[in-house]
2 protein chains.
Amino acid sequence: MEKTKKIMLSEAEMPQAWYNIVADMTNKPLPVLNPQTREPMTREQLCVLFAEGVVDQEFTQERYVEIPEEVQDLYRIWRCTPLVRAYGLEKALDTPAKIYFKNEGTSPIGSHKLNTAIPQVYYNYKQGIKHLTTETGGGQWGSALSFACSKFGLDLKVFMVKASYFQKPYRKLMMNTWGADVIPSPSDQTDAGRAILAQDPDCLGSLGIAISEAVEVAMRNQATTRYTLGSVLNYVLMHQTIIGEEAVKQFEKIGEMPDIVIGCFGGGSNFAGIGFPFLRMNMKEGRHIRVVAVEPQSCPKLTRGVFQYDFGDTTGLTPLIPMYTLGHNFQPADIHAGGLRYHGAGAIVSQLLHDELIEAVSVPQMETFEAGLLFANTEGIIPAPESAHAVAQAIREAKKAKEEGVSKTILFNLSGHGLIDMYAYEQYFAGNLRNFTISDEYIRSTTSELPNIIK
Amino acid sequence: MEKTKKIMLSEAEMPQAWYNIVADMTNKPLPVLNPQTREPMTREQLCVLFAEGVVDQEFTQERYVEIPEEVQDLYRIWRCTPLVRAYGLEKALDTPAKIYFKNEGTSPIGSHKLNTAIPQVYYNYKQGIKHLTTETGGGQWGSALSFACSKFGLDLKVFMVKASYFQKPYRKLMMNTWGADVIPSPSDQTDAGRAILAQDPDCLGSLGIAISEAVEVAMRNQATTRYTLGSVLNYVLMHQTIIGEEAVKQFEKIGEMPDIVIGCFGGGSNFAGIGFPFLRMNMKEGRHIRVVAVEPQSCPKLTRGVFQYDFGDTTGLTPLIPMYTLGHNFQPADIHAGGLRYHGAGAIVSQLLHDELIEAVSVPQMETFEAGLLFANTEGIIPAPESAHAVAQAIREAKKAKEEGVSKTILFNLSGHGLIDMYAYEQYFAGNLRNFTISDEYIRSTTSELPNIIK
């Protein structure tokens, strides 16, 4: 018998509660504000847009929130996910570090997004909601929500950024397979879409426009319809903690704990998922586990943004969120990690960063594809371009451990596989990709008009 | 705690030997013949083309063949695969039957093909072979072999049917990611390819032509190069028995055994993988488990072919194989389950069918896509179009159990997921697919010229 490659948990060992880090934070996250009144958004205001069950979770101060049995049942389709020792990568790097990864790519849609899609649809279902709307850029979130809606019998309308709609036909088809109605955005189904198309009939869309359309449709049909969001909000991050809760149990099984925990960073959901349960150990048990968020060099909100209230969407329809942000008008470069092209970080992560309880780094695009290829050739799994950011940072840490001659235990979250993102790898092979450096001037220009609410 | 969804095995429980069904067959499979002499092919003749390690396995009469430690190490990247109870599908069908599936889609390439790619490359590596060649149609086999070659440091040249090369760019890119050289076939790199191109410069290729090119390159460089094949041969089927060996252990864990075991059928490898270990129970323990091969209605070699010697490739370069065959000139309809578009079945499966130890059925294309969609919407996993044939038969058996009011335990092999085959589903959604009926006349015409060796 050789060394164990995968540390598994049985279904009976699956965690039965999500972890709400807010309960353990000394400095609580700042509230989300109504942009008109600049007063904190109330439960009632949020319930117009979101299911009551998740709005309650947005506000809860409980440390653990029980995972409903119906959600656990669906989690068991693929969970628990393996914790994998990356022997092949370690060998290629000739490092004394131990590298582990949590493989969220084993879900039916190929990424971690299902962890929150299922409970979000469940709470809408329980409330008697019949229709959901959402937006999707790269298509991961739209796929996850389509899957979940097919399970609970809800209709789903997905506004998919038109550029992605044409570039990523497989993602659209996955959503169709699970019964969702996928609309290229901007569309003629909403006032927001029609206004854009009147100005520019060839507009290829943006996440901001797609959000506007999805929100508009939900607001127009309040009796039966709600809107859903796949990242940023407190409850979304909480749903993802199933990842880290499993990882903690898996490390306990082998009598080890990581020194460093790494997650790529878009809106914060997979990062929070892997990281928050380890942060609890820091806060409650006095451990010193480094928890590191990895963002693209071309979208550096955590490392170069400002901590201020900002809109969650590009067009300014959402409540004001306390964020490390590059400004909602910041236009990220056209990198191939669509899930990380977001201007801001949610309230919890921003507070944790402000309080120096987590770290943030940025990685240039070419390094992430080099890391992704090395990982594919040593561990066999082709990572999603987003997840390749976490791989790249794990490699940096492993090299550093070698230079310093110390053995470190590194954990990163492989948030998804890249089998449906091969177009990005094609562009890399063809030599069409490059790094993007963002000037201080540009960041100043996109952050200068933010309201000066956080003093 | 709800009902268990997945029956798992730990890495320590992974079977450490493949099962060679030949040892238990009363009527042994007929030998493969040299087409010139019509004498059985010798070890030496086969070793010109294939690695010695696998040629030895082609001839072995041992019941169990130990899986080398290096192969086990790589199997552990994703094995053991889950045995999953399809509660969702059962509910949708309102059937008293219990339906289980073995999920081979959890491998890094998304299908069962890795089970044989890894040992094949391993034995070539052990022999000091530096370069491998192969052909691929849909791309599953090429991806698997690319993965395995990247692990053992061998070069790989894949001749990919030109139509697929353009239709399935993601598959090509997967192979590139693992370092393989992918050549659209027919190519100008071989005499075979050049001859075809001289006749028809726009030829989109076929599996037969691609085999000819791959074999030619291997033969031309015998000192350092060998050819590899992903199905049909005895040792390929044996490597796949890891699937069924695991499934037997998993059923033992829950104190159950299937009444019916189902696998889709192209060249026979995934069918043998899931089925042979259960056939052993029939042969050695007097059980009566039905083992059912499912082929496309449009390529009905098992249900309507003849049992006779035939070539393995379209152009007639390979040894003569005892097969249920439609004739090597049979042109299968352009269905979207590329892996099942093969004219013949290998020696072992053909003997088993001849001796009525297994059953065979055929399913029309539209029924397979309906089954695939029902499975995607009840179990969450989008099946490969090939695997959807097994799903369709499982549904037929579950409906029959309901009609008869009996509880049956049904097992099928989900040989792969369909995330890289979404083009096929797109064609289905667009209403572009149909069933194909093959006339008796056509089958007579393609089988009439076979040599009359089996009397």
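Everything below is about the structure shown above.
Bear in mind the structure is a predicted one, so any value in this text is a computation, not a measurement.

**Student:** Explain the packing of helix H8 (residues 169-177) of chain A against helix H17 (residues 422-429) of chain B here, please?
**Tutor:** The relative placement of two packed helices comes down to the angle between their axes together with the axis-to-axis distance. The interhelical angle for the contact between H8(A) and H17(B), taken along N-to-C directions, is 55°, at an axis separation of 9 Å. On the basis of their axis angle, the class for H8(A) and H17(B) is oblique. Where H8(A) crosses over H17(B), the handedness of that crossing is left-handed. Across the interface between the two elements, Tyr170(A), Leu173(A), Met174(A), Asn176(A) and Thr177(A) from H8(A) touch Met422(B), Tyr423(B), Glu426(B) and Phe429(B) from H17(B). Its residues assigned to classes, the contact of H8(A) with H17(B) comprises 6 nonpolar, 2 polar and 1 charged.

**Student:** Looking at this model, I keep getting lost on the environment of Arg171(A). Mind explaining?
**Tutor:** Residue and element names in this part refer to chain A. Position of Arg171 among the secondary structure elements: in helix H8. Sequence spacing of Arg171 and Ile420 is 249 residues, and the spatial spacing of their C-alpha atoms is 7.4 Å. Setting aside its immediate chain neighbours within four residues, Arg171 contacts Ile109, Gly138, Gly139, Gln140, Ser143, Met160 and Ile420. A distance of 3.2 Å separates the side chain of Arg171 from the side chain of Gln140, its partner in a polar contact. Polar contacts involving the side chain of Arg171 include one to the side chain of Ser143, which spans 3.1 Å.

**Student:** Help me understand the interface of chain B and chain A, please; the structure alone is not making it clear to me.
**Tutor:** Interface size is commonly expressed as the accessible surface area that is lost when the partners come together. Taken residue by residue, the interface counts 44 residues in chain B and 44 residues in chain A. The tally of links between chain B and chain A comes to 2 salt bridges. Taking the shortest distance from any N to any O, the salt bridge between Glu11(A) and Lys6(B) comes out at 3.2 Å. Joining chain B to chain A, the criterion identifies 16 residue pairs in polar contact (both at pLDDT 80 or more). Elements with a minimum of two residues in the side of chain B that touches chain A: helix H3 (69-75), helix H6 (140-152), helix H8 (169-177), helix H15 (365-379) and H17 of chain B. When its residues are assigned to classes, the side of chain B that touches chain A shows 21 nonpolar, 10 polar and 13 charged.

**Student:** In this structure, what is going on with the relation of the copies chain B and chain A? I would like to understand it.
**Tutor:** Each of the two chain copies goes to the other by way of a rotation about an axis and a shift along it. Superposing chain B onto chain A takes a rotation of 180° plus a shift of 0.0 Å along the axis, which leaves an RMSD of 0.0 Å. Put plainly, the chains are arranged around a two-fold axis. Both copies share a contact surface, since 100% of the interface residues of chain B are interface residues in chain A too.

**Student:** Help me understand the pairing of strand S7 (residues 155-161) of chain B, please; the structure alone is not making it clear to me.
**Tutor:** In the case of a regular strand, side chains alternate between the two sheet surfaces. Residue and element names in this part refer to chain B. Of all the 7 residues making up S7, 5 are buried; the element is thus mostly covered by neighbouring parts of the structure. Summarising the sheet, strand S6 (residues 131-136) and S7 pair through 6 bridges and their orientation is parallel. When the sheet's bridge partners are listed, Leu132 is paired in S7 with Leu156. Taken together, S6, H6 and S7 form a β-α-β motif whose crossover is right-handed. Two elements, S7 and strand S8 (residues 181-185), share 5 bridges in a ladder whose sense is parallel. Note that in S8 the partner of Lys157 across the bridge is Asp181.

**Student:** I tried to follow helix H5 (residues 114-126) of chain B on my own but got confused; where do I start?
**Tutor:** Given 3.6 residues per turn, any residue in an α-helix points the same way as the ones three and four places further on. Residues and elements named next belong to chain B. The terminal C-alpha atoms of H5 lie 18 Å apart, and with 13 residues this matches the ideal 18 Å at 1.5 Å per residue to within 8%. Buried within H5 we find Leu114, Asn115, Thr116, Ala117, Ile118, Pro119, Gln120, Val121, Tyr122, Tyr123 and Asn124. Trailing H5 by a residue or two, Gly128 shows a phi angle of about 85°, which is positive.

**Student:** Can you walk me through the packing of aromatic side chains in this structure?
**Tutor:** Note on aromatic pairs: each is described by the distance of the centres and the angle between the planes. Following the criterion strictly, the structure yields 41 aromatic pairs over all chains and no others. For the ring pair Phe369(A) and Tyr428(A), a centre distance of 5.4 Å and an interplane angle of 15° mean the geometry is stacked. With Phe369(A) in helix H16 (residues 365-379) and Tyr428(A) in helix H18 (residues 422-429), this residue pair connects regions lying 59 residues apart in the sequence. For Phe369(A), a relative accessible area of 3% corresponds to the buried category. Judged by centre distance (5.9 Å) and plane angle (75°), the ring pair of Tyr75(B) and Trp78(B) falls under edge-to-face. Comparing Tyr75(B) with Trp78(B), the two get one shared label, buried. For the cation-ring pair, Lys151(B) lies above Phe147(B), with the distance from its terminal atom to the ring centre recorded as 4.6 Å. In this arrangement the basic side chain of Arg280(B) is found over the ring face of Tyr19(B), its NZ or CZ atom lying 4.5 Å from the centre.

**Student:** What's the story with the sheet that holds strand S1 (residues 6-7) of chain A in this structure? I'm lost.
**Tutor:** Across a sheet, paired strands are connected by hydrogen bonds in the backbone, their directions being either parallel or antiparallel. Residue and element names in this part refer to chain A. Reading across the sheet, the 7 strands line up as S1-S4-S5-S15-S10-S11-S14 and stay open at both edges, with mixed pairing between neighbours. Of all the strands in the sheet, the pair left with one neighbour each is S1 and strand S14 (359-363). By the bridge criterion, 3 bridges tie strand S4 (residues 83-85) to strand S5 (residues 98-103) in an arrangement that is antiparallel. Directly across from Leu83, in S5, lies its bridge partner Lys102. This element, helix H17 (residues 385-404), spans S5, strand S10 (260-264), strand S11 (290-296), S14 and strand S15 (409-414) of the sheet and lies at about 150° to S10.

**Student:** Whenever I open this one, the pattern of salt bridges confuses me. Can you help?
**Tutor:** Two side chains with opposite charge may pair up if their charged atoms get near one another. Enumeration over the complete set of coordinates arrives at 54 salt bridges over all chains. One salt bridge in this structure joins Arg85(A) and Glu90(A), with 2.6 Å as the shortest N-O distance. The buried category is assigned to Arg85(A), whose relative accessible area is 14%. You can call Glu90(A) buried: its relative accessible area is 8%. Linking Asp94(B) and Lys402(B) is a salt bridge whose minimum nitrogen-to-oxygen distance equals 3.4 Å. Of this pair, Asp94(B) sits in the loop between helix H4 (87-93) and strand S5 (98-103) while Lys402(B) sits in helix H16 (residues 385-404), and the two are 308 residues apart along the sequence. Judged by its relative accessible area of 41%, Lys402(B) is partly exposed. Each of Lys6(A), Glu11(B), Glu69(B), Asp73(B) and Arg76(B) takes part in a single network of salt bridges with overlapping partners.

**Student:** Mind showing me how you'd approach the environment of Glu69(A) here?
**Tutor:** With respect to the helices and strands, Glu69(A) occurs in helix H3 (residues 69-75). When the C-alpha atoms of Glu69(A) and Gln16(A) are compared, they prove to be 8.6 Å apart, with 53 residues separating the residues in sequence.

**Student:** In this structure, what is going on with the pairing of S5(B)? I would like to understand it.
**Tutor:** Residues and elements named next belong to chain B. The buried fraction of S5 amounts to 5 of the 6 residues, a majority that puts the element mostly inside the structure. Bridge analysis of S5 against strand S15 (residues 409-414) gives 6 bridges, and the strand direction is parallel. Residue Lys98 lies in a different strand from S15, and its bridge partner there is Thr409.

Rules behind the numbers
- Residues numbered from 1 in each chain as written.
- Chains lettered and ligands numbered in written order.
- Predicted model: local features only at pLDDT ≥ 70, side-chain atom pairs only at ≥ 80, totals over all residues.
- Heavy atoms only, no water.
- Axes fitted to C-alpha atoms, helices over the stretch in contact; angles between N-to-C directions.
- Helix = DSSP H or I, 4+ residues; strand = E, 2+ residues; numbered from the N terminus.
- Parallel < 35°, antiparallel > 145°, perpendicular 65-115°, else oblique.
- Left-handed = near helix turned anticlockwise from the far one by under 90°.
- Contact = heavy atoms within 4.5 Å.
- Nonpolar A, V, L, I, M, F, W, Y, C, P; charged D, E, K, R; others polar.
- Polar contact = N/O pair within 3.5 Å; in protein donor to acceptor, adjacent residues only side chain to side chain.
- Salt bridge = Lys/Arg side-chain N within 4 Å of Asp/Glu carboxyl O.
- Least-squares fit on C-alpha atoms with pLDDT ≥ 70 in both.
- Buried < 20%, exposed > 50% of the residue type's maximum accessible area, 1.4 Å probe, protein only.
- Pairing = 2+ DSSP bridges.
- Right-handed = clockwise from strand over helix to strand, strands pointing away.
- Expected span 1.5 Å × (residues − 1).
- Phe/Tyr/Trp six-rings, centres within 6.5 Å; stacked < 30°, edge-to-face > 60°.
- Lys NZ or Arg CZ within 6 Å of the ring centre and 35° of its normal.

In short, the description is geometric, and any link to function would need to be established separately.
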